[in-house]
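Per-entry structural report
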Number of protein chains: 2
Amino acid sequence: MRLSELGEFRLIDAIRARTGTAAGVHRGIGDDAAELELPPGHRLLTSTDLLLEDVHFRLDWTSAFDLGRKAVAVNLSDIAAMGGAPRFLYVGLACSGATEVAQLEAFVDGVLTEAAEHGAVLVGGDTCRSPGPWIISVTIEGTAPAGKAVGRDGARPGDAVLVSGTLGDSALALALWQQGLTPEPWLAERHTRPVPRVALGRGLAEAGLATAMIDLSDGIASDLEHILQASGVGAEIRRAAVPLSPPFRARLERQPELFDLALGGGEDYELLCTVPAARVAEALAVGERCGVPLSAVGAITPAGTGLQLRDDAGTVRPLRVRGYDHFCR
Amino acid sequence: MRLSELGEFRLIDAIRARTGTAAGVHRGIGDDAAELELPPGHRLLTSTDLLLEDVHFRLDWTSAFDLGRKAVAVNLSDIAAMGGAPRFLYVGLACSGATEVAQLEAFVDGVLTEAAEHGAVLVGGDTCRSPGPWIISVTIEGTAPAGKAVGRDGARPGDAVLVSGTLGDSALALALWQQGLTPEPWLAERHTRPVPRVALGRGLAEAGLATAMIDLSDGIASDLEHILQASGVGAEIRRAAVPLSPPFRARLERQPELFDLALGGGEDYELLCTVPAARVAEALAVGERCGVPLSAVGAITPAGTGLQLRDDAGTVRPLRVRGYDHFCR
């Protein structure tokens, strides 16, 4: 059956029937606005993303289920980067009336699966007709105890720079697809099924370990630069310390230029945080408890020193920002 | 200058420079998520909308400034319909790199003007490249004292049905444009510059007058039906009581079929609420205080009676739902 046969209101009813109740939800889908309650002493954290077919995703490279998961995961990743707990989710979807209802159901499955995995509940959204491509808007509301959320502006000279997981896998998978090749399943999943580091971000924030934090969506060079600018500091990254996965390393040996993907490839959705040097061991222990290894990749340097990369021979050179700008290509 | 010359980050910086601080905002634009505080004893109300060029608006029928205002106004209208106070606004915008920066500035002007007029502050959003048409997502967070927000499920038999302002003006303006005609300025503004009834909704809710409330985005026939279904009741509307503007009445005399636009035309963004019969006078007084007249147009009837229209001769017939379904046209 196609969406034009089902209709907008039956689609909303079908989604609504699949969402349960949750703590703090007084009204969910089906009113003019959701009505929610925050835990006492907590602040609200909100982030919104817009995702467009053929700009952010291609339905021939991802299943509708994975698309639903990833649309939510990248949004949850912003709450993780603040050290918050995700709570209330909103999804807007525009697609054509010719869309198969089964494909929409798979998308909604993905949305609900990802949300449930991280403690969030779908409480609202919007649906409308698109002349063609899918358009997705996702908004997440999370909470953090007052004074515990971590911004980008608290990094201080001497702090260690830590990143979670491994970098560049997602960009490598994408590069292989773009060349008409098929990445191995593990690498492909790093692109199609990123895991937001929610428990890790929360653990680091609630223990007061992170002085600044950001999620790596555009690549470490670009995202760390946001912290440097907001905090008014510089940083030095050690090339040999950048964490790489075995599949990434295997290809890197044959193609050394792939290292750029680890620095500026984007879509890692790992966390980067700064931690006082004396507390690095504590932070690494939080990573171990969460099952997500943290690697110390460098240090924060004084204002005016910029972002530098130290290579294996000890040579230091400026690390050029190579992040993705949507309007300049 | 075109957007591709300015770039995404300079665009965000320019918008950020124009947003001030506000009560409850710990972090606004420029971090992974906004960090906000609700007034004690208040609940969070959230609504999100997706607006697409050529589906929801045409840039040849509206200025970018009016588009920015309206995108925010229709979203604020959802908070008005809950009886809440709008507080924190998020706007996502996708457009092509060829877009003139001056047009974007006018759009942002409109967004900020409308938000400021109703006490909301822009604290986040997203920007990305669109292959062509403009795509806008708007999310508003509001607050209401615990127990004061008004949903769709509280209408009871015997309650009066009240609507604010006049109905059908916006749909009439649109119909004239679609016929290649030019509506008079007052009528055109009812379409391009809808005024969300924020103070009115809040006044009705905080006085505990409204048992159910909704904003008229799809037409009274469709929107009242949502209240009837959520509340498990019916309703009877008196045709002669439907409030019409002088310009609408003037055209209606020549074309009686235009009355359908007042019932099912959509985009009025007036409020419809149900009020216990004994408190109608109090509700009308709230309307007067807010400078937005309320009209009693009918009454809630018992479950199973459906939605009926009583004409001037006293004949009653079912009022067919003619609301807009995005996927069935």
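Attention now goes to the relation of the copies chain B and chain A. At an RMSD of 0.0 Å, chain B and chain A line up after a rotation of 180° and a shift of 0.0 Å along the axis. Within this description, the copies of the chain are treated as partners about a two-fold rotation axis. Minimal C-alpha distance to the rotation axis in chain B is attained by Ser137 of chain B, lying at 3.3 Å.

Here we take up the confidence of the model for chain A. When the pLDDT values of chain A are averaged, the result is 93; 97% of them are 70 or greater. The ipTM for the predicted assembly is 0.94, set against a pTM of 0.94.

Taken together, the 64 residues of chain B in the interface contact 64 residues of chain A. For the pair chain B and chain A, the summed buried area comes to about 5,600 Å², and 57% of that belongs to carbon and sulfur atoms. Viewed at the interface, chain A and chain B are joined by 10 salt bridges. Residue Arg152 of chain B is joined to Asp31 of chain A by a salt bridge in which the shortest nitrogen-to-oxygen separation is 3.7 Å. Linking chain B to chain A there are 25 residue pairs in polar contact (both at pLDDT 80 or more). No other element matches the 9 residues that strand S3 (residues 42–52) of chain B contributes to the side of chain B that touches chain A.

What follows deals with the sheet that holds strand S12 (residues 307–310) of chain B. Residues and elements named next belong to chain B. Pairing is mixed in the open sheet, where 7 strands are placed in the order S8-S10-S7-S11-S9-S12-S13. Every other strand in the sheet has two partners, leaving strand S8 (212–215) and strand S13 (316–318) as the edge strands with one partner each. This sheet shows a mean twist of 25° between the axes of neighbouring strands, independent of strand direction. In this sheet, S12 lies alongside strand S9 (residues 234–238) in parallel orientation, the contact comprising 4 bridges. Its bridge partner being in S12, Arg238 is matched across the sheet by Arg310. Strands in contact with helix H8 (residues 220–231) are strand S7 (160–164), S8, S9, strand S10 (271–275), strand S11 (294–301) and S12; relative to S8, the strand with the most contacts, it is inclined by about 150°.

Cut-offs used in this document
Residues numbered from 1 in each chain as written. Chains lettered and ligands numbered in written order. Predicted model: local features only at pLDDT ≥ 70, side-chain atom pairs only at ≥ 80, totals over all residues. Heavy atoms only, no water. Least-squares fit on C-alpha atoms with pLDDT ≥ 70 in both. pLDDT = per-residue confidence, 0-100. Contact = heavy atoms within 4.5 Å. Buried area = accessible area lost by both parts, 1.4 Å probe. Salt bridge = Lys/Arg side-chain N within 4 Å of Asp/Glu carboxyl O. Polar contact = N/O pair within 3.5 Å; in protein donor to acceptor, adjacent residues only side chain to side chain. Helix = DSSP H or I, 4+ residues; strand = E, 2+ residues; numbered from the N terminus. Pairing = 2+ DSSP bridges. Axes fitted to C-alpha atoms, helices over the stretch in contact; angles between N-to-C directions.

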